Amino acid sequence: MKLYTYFRSSAAYRVRIALNLKGIDYTNEYLNLVKGEHRSAKYLKINPQGLVPTLEIEDGVNLSQSTAIIEWLDEVYPDPPLLPGDSLARAKIRSLYSIISSDIHPICNLRVIKYVESSLDAGKEGKLKWIKHWISEGFSALESEMSDTRFSAGNSPMLSDVYLIPQIYNAIRFNINMDNFPKLYSVYNNCNELPEFFQASPQYQEDATSM
Ligand SMILES: N[C@@H](CCC(=O)N[C@@H](CS)C(=O)NCC(=O)O)C(=O)O
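Procedures and definitions
- Residues numbered from 1 in each chain as written.
- Predicted model: local features only at pLDDT ≥ 70, side-chain atom pairs only at ≥ 80, totals over all residues.
- Core = buried A, V, L, I, M, F, W, Y, C linked by C-beta atoms within 7 Å.
- Buried ≥ 20, exposed ≤ 12 C-beta atoms within 10 Å, placed from the backbone.
- Helix = DSSP H or I, 4+ residues; strand = E, 2+ residues; numbered from the N terminus.
- Contact = placed C-beta atoms within 7 Å.
- Domains from an automatic or database assignment.
- Near = placed C-beta within 6 Å.
- Nonpolar A, V, L, I, M, F, W, Y, C, P; charged D, E, K, R; others polar.
- Expected span 1.5 Å × (residues − 1).
- Axes fitted to C-alpha atoms, helices over the stretch in contact; angles between N-to-C directions.
- Parallel < 35°, antiparallel > 145°, perpendicular 65-115°, else oblique.
- Left-handed = near helix turned anticlockwise from the far one by under 90°.

**A word on the nonpolar core**
Grouped together as the largest cluster of nonpolar side chains are 50 residues, with contacts concentrated most on I17, A18, L159 and L184. Within the residue set of this core, elements represented by two or more residues are α1 (10–21), α3 (66–76), α4 (87–104), α5 (110–119), α6 (123–145), α7 (159–173) and α8 (182–192). If you tally residues by element for this core, the top one is α1, at 8 residues. Discounting chain neighbours no more than four positions away, the residues touching I17 are V162, I165, E196, F197 and A200.

**Quick look at the domain arrangement of the chain**
When cut into domains, the chain gives domain 1 (2–79) and domain 2 (87–197). The C-alpha centroid of domain 2 is placed 20 Å from the C-alpha centroid of domain 1. In this complex, domain 1 contributes 10 residues to the contact, which on the side of domain 2 involves 13 residues. Taken together, the elements giving at least two residues each to the side of domain 1 that touches domain 2 come down to α1 and α3. The element contributing the most residues to the side of domain 1 that touches domain 2 is α1, with 7 residues.

**Section: the environment of I69**
Examined against the element boundaries, I69 turns out to sit in helix α3. Linking I69 and V15, residues 54 residues apart in sequence, is a C-alpha distance of 7.3 Å. Beyond its immediate chain neighbours, meaning those up to four positions away, I69 contacts V15, P53, L55 and L63.

**Some points on the site of the ligand**
In the region of the ligand, 14 residues are neighbours, and S9, L51, S66, L110 and R111 sit closest. Looking at the shell around the ligand, the elements with two or more residues in it are α1, α3 and α5. Of the residues in the shell around the ligand, the class split is 6 nonpolar, 7 polar and 1 charged.

**Focus: α6**
A rise of 1.5 Å per residue sets the reference length of α6, with its 23 residues, at 33 Å; its end C-alpha atoms lie 34 Å apart and thus fit the reference within 8%. Listed as buried for α6 are K127, I131, I135, G138, F139 and L142. Along its buried surface, α6 packs onto α4, α5, α7 and α8.

**Considerations on the packing of α1 against α7**
Their axes nearest at 8 Å, the elements α1 and α7 cross at an angle of 140 degrees. When the axis of α1 is compared with that of α7, the two are oblique. As for how α1 packs across α7, the hand of that crossing is right-handed. Note on element contacts: α7 touches α1 through V162, Y163, I165, P166, Q167 and N170, opposite S10, Y13, R14, I17 and A18. Partitioning the contact of α1 with α7 into residue classes produces 7 nonpolar, 3 polar and 1 charged.

**A short note on unusual backbone geometry**
In this model, V52 is joined to P53 through a cis peptide bond whose omega is 10 degrees. Along the chain, P53 turns up in the loop between α2 (41–46) and β3 (54–58). Non-glycine residue D121 carries a positive phi angle of around 60 degrees. Structurally, the position occupied by D121 is in the loop between α5 and α6. One non-glycine residue, N175, lies in the positive phi region at around 60 degrees.

**Concerning the environment of S119**
As for its position among the elements, S119 is in helix α5. S119 sits 18 residues away from E137 along the chain, and the two C-alpha atoms are 24 Å apart.

Next up, the structure:
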């Protein structure tokens, strides 16, 4: 499989974690979002939205949208399950990660914050305020939903961790004080002790630093 990716993209980071947790071999095709490589005619044929990630699952068969990709991976490679338990337990995991996938990430994404900064004239300071506001609001809700378990929804990594860790990485990059979210930060550290998470991190992406 081939993953079209960018080292700092949190949606691509989610897919890297899921692929690693499933023990799947894949290659990376890096696109530099800052240079606009995701808007090239060639890539738009692969992903008409011009977003990363895209997972090429076989020659010419491409999947876009991180949630669709991760759900497909979990269905086709059920071991270890990322959405285990009965329907209530599964709904709780979905509810946790939806705070990130629906309510934080889409409004803090590159093209949105560029629009806020430039087209809405908020400037750099306004952009940073926007990001901090929406991440902090979502994290406050997540912090109160979280129990005192090693991972976000129990004692093994689940889909909620797959979404949470990239979002925390992103929050730290924007200087959000994680002391305000001790349970989230503890889950972040526990996950990063696992090679499946650490090796998916932007820091670990070998080619990233050359971009
Ligand atoms: N809902 C999509 C979001 C994908 C997305 O927004 N990717 C970002 C990087 S995290 C991107 O490609 N941004 C490029 C841009 O905004 O121009 C998914 O989950 O895959």
